[in-house]
Amino acid sequence: MEQDVKKTEQGSNETIIEVKDLRINIKVDEGILTTVRGVNFDIKKGETLGLVGESGCGKSLTSKAILGINDKKCKASGEIIFDADGLGRVNLLDLNPRGKEIRSVRGKQISMIFQEPMVAFSPMYTIGAQINEATLLHITKDKKKAREISLDVMKKVGIANAEKRYDQYPHEFSGGMLQRALIAMALVCNPKLLIADEPTTALDVTIQAQILEIMKELQKDFGMSILFITHDLGVVAGMCDRVAVMYLGRIVEIATAEELYANPQHPYTQGLLGSVHKIGTKNQDKLFSIEGTVPVAMNLPVGCGFYDRCTKRVDGVCNVYDPELTDAGNGHRVACFACTGCPNAKKGGKADE
Amino acid sequence: MSKGDKILDVQNIKMDFHSKGVTVHAVGDVSFSVGEGETMGIVGESGCGKTTLGRCIVRAYEPTAGAVMYKSSEGDLIDFLKIDKKTMKAYRKEIQMIFQDPYSSLDPRMTVLDIIKEPLLANFPKMPKEEMERKVMDIAAKVGLNTTYLKRYPHAFSGGQRQRIGIARALVLNPRVIVCDECVSALDVSIQAQVINLLHELQKEFNLTFLFISHDLSVVEYISDRVGVMYLGKMVEFAPTKKLFSHPMHPYTESLLSAVPVADPTKQMERIPLQGEIPNPANPPKGCYFHTRCRYCTEKCSQEAPEYKKMEPEHFVACHRAEELKLKGFDYDD
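Residues numbered from 1 in each chain as written. Chains lettered and ligands numbered in written order. Predicted model: local features only at pLDDT ≥ 70, side-chain atom pairs only at ≥ 80, totals over all residues. Heavy atoms only, no water.

We now examine the overall build of chain A. Assigned secondary structure in chain A consists of 13 helices and 12 strands. A globule of 353 residues ought to have a C-alpha radius of gyration of about 20 Å, and chain A, at 21 Å, matches this closely. Taking all 353 residues of chain A together, the buried fraction comes to 53%. For chain A, restricting intrachain contacts to residue pairs at least 6 apart in sequence, the fraction spanning at least 24 positions comes to 63%. Carbon and sulfur atoms make up 49% of the accessible area of chain A, which totals about 16200 Å². Between the centroid of the 44 positive side chains of chain A and the centroid of its 45 negative side chains there is a distance of 4 Å. (Helix = DSSP H or I, 4+ residues; strand = E, 2+ residues; numbered from the N terminus. Rg over C-alpha atoms; globule rule 2.2 N^0.38 Å. Buried < 20%, exposed > 50% of the residue type's maximum accessible area, 1.4 Å probe, protein only. Contact = heavy atoms within 4.5 Å. Areas by Shrake-Rupley, 256 points an atom, 1.4 Å probe, with all protein chains shown as cover. Lys, Arg positive; Asp, Glu negative; His and termini not counted. Charge placed at Lys NZ, Arg CZ, Asp CG, Glu CD.)

Structure representation (structure tokens):
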């Protein structure tokens, strides 16, 4: 434990959560999908880590594995070390997903905001009742007190007229208001870690800007860490301290936001950044686009997952060895032979350049 | 500044929906014109009426009032909204639509070949089967679909591929105008770029005119020649793309631009937050529709609706204070 504290970088102190070699396999009729293939990252106290990737890259599964709310079909292995109150440092994957221990973590110490606010709320209960649920479970049994706590949080996330809104049903809320209510629900127990899974994707840009501002402010107030999952590189730039880019179940690049945007290394990251047109820049004749599509995560060939679509691939290296995250200076880690030069293949393979 | 001759002239389109005794003015008095070969972007938040407007133009809805003057390939000027069904069929070939959701806009029980062929069957029932299939093959190859897979059903294709099917279906009749309603919004960024590039190429090749409806401002900025901004069913600003993005004249445009996430942590723009939410279109506020959320609002704004007028050549704005306000836009490199 002491070692871990020492390991952390300057500026931030303790590590809140550490994901080590997380792998998730899903059994389907056709075989086994290897959706998450060895993901490693950690999040420090008060830090926001962005997890970026296209649909199907495993970012949502990774986040849900932390809370143990993946489907039964998903088999997770590896370690998710979380410093839980009352439990000490535990591997969340060891806990029974329906057991008491994980339930003392879920919703209290780690909570989650989902993508679709319309779907995340039950239409049958009032907003207040749904926010109270977590409070009554974790903090107090007193309903009056719970109401006060809920109202307080609702005000904090910028819901005007909180008293009136408390007794309303989800259909009476607009999308942006509902997303605020969802954030209130996630924050009501003052979590250490907030997982935000595409929290603004379903919203308009103006509302998105409002929600992001609120999240930033609340992070300061509550001092929590955020795992921010999104496919939008623009949103990440304004929100996150560090960014991890995922492709086909792997983190292919991780760095501080400034470093990543100024100096993207992995061809996939470069492609992603290049395919977003920046307003104010001269119109190129063609947008940069990554050829092909993400392969299905079944029976993956050996070598780098991005090999087929990569512009910098080196035949005989990239399709033979599996690149691992390697230091590229400035705390920048990247899993690409073309970037780091030396193919440090997985099992002592020595490849000539 | 329109590229070619005026191909589409939308005049005072109005669309009201009635439901349970409530009238919703989804689109109120929108006018603009589009030149041949031009891409015209329409942006706005959800519920601002941009999709309704698009559907009115292809006459998927019957607008309450207004006219869509269309210059056909033969050169005659017709009001697309007034012609009877039979005549319309002839012209409808020339105006096609690409839809937002590549999942729900394709019939899961038809093969891709049949989907792309359907418009031909409907419009040229006498065309020989071989010719029809040849046309389908040609267009499928053009949009980048692997023609050996055309006998498959849509579920076997990815989102980007499906959107290509939708584009092929719209193109098979050789249209002149295509209304693209959020046609890349459901796609991942890397796929989005592929589809946008495809649209660009097709436009050059067939001299297509696009009406590009989207809420994604950076996509619109990339693809459009001119852009219209809608708020609560009304066009509040309309200008050539660069002008609109660098020198917006309507406060709503300004805050919309400031809300665009910029993919560069060192260049974050100062956000101009909009207070509150878009008002209920069934009960719009008095005066300027935007005054409830506008930070430049004056007494006059809450009483009197501003006129939509030309402020500079090619630049139309509906704001009382458009002249005096110095609003912030994006800095352009060049």
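Okay, the overall build of chain B next. Across its full length, chain B carries 10 helices and 12 strands. Here the C-alpha radius of gyration of chain B, 21 Å, is about what a compact globule of 334 residues would show, namely 20 Å. Overall, chain B is about 70 × 50 × 40 Å in size when its C-alpha atoms are taken along their principal axes. A total of 334 residues make up chain B; the buried ones form 57% of that total. Of the roughly 14600 Å² of accessible surface on chain B, a fraction of 50% belongs to carbon and sulfur atoms.

Turning our attention to helix H1 (residues 50–57) of chain B. Residue and element names in this part refer to chain B. Of all eight residues that make up H1, six are buried, and the element is covered over most of its length. When H1 is considered as a whole, its buried residues turn out to be Lys50, Thr52, Leu53, Gly54, Cys56 and Ile57. Positive backbone phi, at 60°, marks Arg59, one or two positions downstream of H1.

Let's shift gears to the sheet that holds strand S7 (residues 193–197) of chain A. Residues and elements named next belong to chain A. Pairing is mixed across the open sheet formed by eight strands, whose spatial order is S6-S7-S8-S3-S9-S10-S12-S11. For this open sheet the edge positions go to strand S6 (110–113) and strand S11 (326–327), each flanked by a neighbour on one side alone. In terms of strand pairing, strand S9 (residues 242–247) meets strand S10 (residues 250–256) through six bridges, oriented antiparallel. Counted as the bridge partner of Arg242 is Thr256 from S10. Sitting on the sheet, helix H9 (residues 205–222) is in contact with strand S3 (48–52), S6, S7 and strand S8 (225–230), with an inclination near 160° to S8. (Pairing = 2+ DSSP bridges. Axes fitted to C-alpha atoms, helices over the stretch in contact; angles between N-to-C directions.)

In this section: the confidence of the model for chain A. Residue and element names in this part refer to chain A. Averaged over every residue, the pLDDT of chain A is 86; residues scoring 70 or more account for 93%. Of the regions scoring below 50 in pLDDT, residues 1–11 engages in 11 contacts with residues more than four places distant in sequence or in other chains. Residue range residues 344–353 is modelled with pLDDT below 50. Its contacts to residues more than four positions away, or to other chains, number 16 contacts. (pLDDT = per-residue confidence, 0-100.)

Before going further, it helps to examine the state of the cysteines. Residues and elements named next belong to chain A. A complete count under the given rule lists zero disulfides over all chains for this structure. A disulfide-free cysteine, Cys318 has its sulfur positioned 6.1 Å from the sulfur of Cys304, the nearest such atom. Not engaged in a disulfide, the cysteine Cys339 finds its nearest cysteine sulfur in Cys336; these two sulfurs lie 3.4 Å apart. (Disulfide = S-S within 2.5 Å.)

Residue and element names in this part refer to chain B. The N-to-C vectors of helix H5 (residues 159–171) and helix H6 (residues 189–206) enclose an angle of 20°; their axes lie 10 Å apart at closest approach. Here H6 runs roughly parallel to H5, going by the angle between their axes. Crossing hand, H5 versus H6: right-handed. Only Ile191, Gln194, Val195, Leu198, Leu199 and Leu202 of H6 make contact with H5, whose side of the interface consists of Gly160, Arg164, Ile167 and Leu171. Considered class by class, the residues forming the contact of H5 with H6 number seven nonpolar, two polar and one charged. (Parallel < 35°, antiparallel > 145°, perpendicular 65-115°, else oblique. Left-handed = near helix turned anticlockwise from the far one by under 90°. Nonpolar A, V, L, I, M, F, W, Y, C, P; charged D, E, K, R; others polar.)

Residues and elements named next belong to chain B. Across the sheet, eight strands lie side by side as S6-S7-S8-S3-S9-S10-S12-S11; this open sheet has mixed pairing. For this open sheet the edge positions go to strand S6 (95–98) and strand S11 (309–312), each flanked by a neighbour on one side alone. Neighbouring strand axes in the sheet, compared pairwise and without regard to direction, differ in orientation by 25° on average. Strand direction decides the pairing type here: strand S9 (residues 226–231) and strand S10 (residues 234–240), joined by six bridges, are antiparallel. Following the sheet pairing, Val227 is matched in S10 by Ala239.

Another aspect to go through is the packing of helix H3 (residues 112–123) of chain B against helix H4 (residues 129–142) of chain B. Residues and elements named next belong to chain B. H4 packs onto H3 with a crossing angle of 120° between their chain directions and a minimal axis gap of 10 Å. What the angle tells us is that H3 and H4 run oblique. When the axes of H3 and H4 are compared, the crossing they make is right-handed. Residues Leu113, Ile116, Lys117, Leu120 and Leu121 of H3 form the contact with H4, whose participating residues are Met132, Glu133, Lys135, Val136, Met137, Ile139 and Ala140. The residue makeup of the contact of H3 with H4, split by class, is nine nonpolar, no polar and three charged.

As for its position among the elements, Asn197 of chain B is in helix H6. Reaching out from Asn197 of chain B, the side chain makes a polar contact with the backbone oxygen of Leu287 of chain A at a distance of 2.7 Å. Those residues in contact with Asn197 of chain B that sit more than four places away from it in its chain are Lys286, Leu287 and Ser289 of chain A together with Tyr222 of chain B. (Polar contact = N/O pair within 3.5 Å; in protein donor to acceptor, adjacent residues only side chain to side chain.)

All right, on to the environment of Ala67 of chain B then. Residues and elements named next belong to chain B. As for its placement among the helices and strands, Ala67 is situated in strand S4 (residues 65–71). Overall, the relative accessible area of 10% leaves Ala67 in the buried class. C-alpha of Ala67 to C-alpha of Phe80: the two residues are 13 residues apart in sequence and 7.2 Å apart in space. Leave out the neighbours within four places in its chain, and Ala67 touches Asp9, Val10, Gln11, Ile13, Asp79 and Leu81.

On to the nonpolar core. With 72 residues, the main nonpolar core has Ile116, Ile167, Leu199, Phe212, Leu217 and Phe245 of chain B as its most contacted residues. In terms of residues, this core owes the most to one element, H6 of chain B, which gives seven residues. Every residue in contact with Leu199 of chain B, bar those within four places of it in the chain, is listed here: Ile98, Ile167, Cys183, Phe210, Phe212 and Ile223 of chain B. The next biggest cluster of nonpolar side chains, apart from the first, holds 61 residues, and it includes Ala134, Met239 and Cys304 of chain A together with Ala263 of chain B. (Core = buried A, V, L, I, M, F, W, Y, C linked by side-chain atoms within 4.5 Å.)

Attention now moves to the interface of chain B and chain A. Taken together, the 39 residues of chain B in the interface contact 44 residues of chain A. With both chains or domains summed, chain B and chain A bury close to 3500 Å², and 57% of this area falls on carbon and sulfur atoms. For the pair chain B and chain A, the interface holds two salt bridges. A salt bridge links Lys286 of chain A to Glu201 of chain B; the nearest nitrogen and oxygen atoms lie 3.5 Å apart. The interface formed by chain B and chain A contains 10 residue pairs in polar contact (both at pLDDT 80 or more). If you list the elements that add at least two residues to the side of chain B that touches chain A, you get H6 and helix H7 (217–223) of chain B. It is H6 of chain B that provides the largest number of residues to the side of chain B that touches chain A, a total of 10 residues. (Buried area = accessible area lost by both parts, 1.4 Å probe. Salt bridge = Lys/Arg side-chain N within 4 Å of Asp/Glu carboxyl O.)

Here the focus is unusual backbone geometry. The residue Leu248 of chain A is not glycine, and still its phi comes out positive at about 50°. A relative accessible area of 3% places Leu248 of chain A in the buried class. Within the chain, Arg59 of chain B stands out as a residue other than glycine whose phi angle is a positive 60°. Tracing the backbone through its elements, the reader meets Arg59 of chain B in the loop between H1 and S4. Assessed through its relative accessible area of 14%, Arg59 of chain B is described here as buried.

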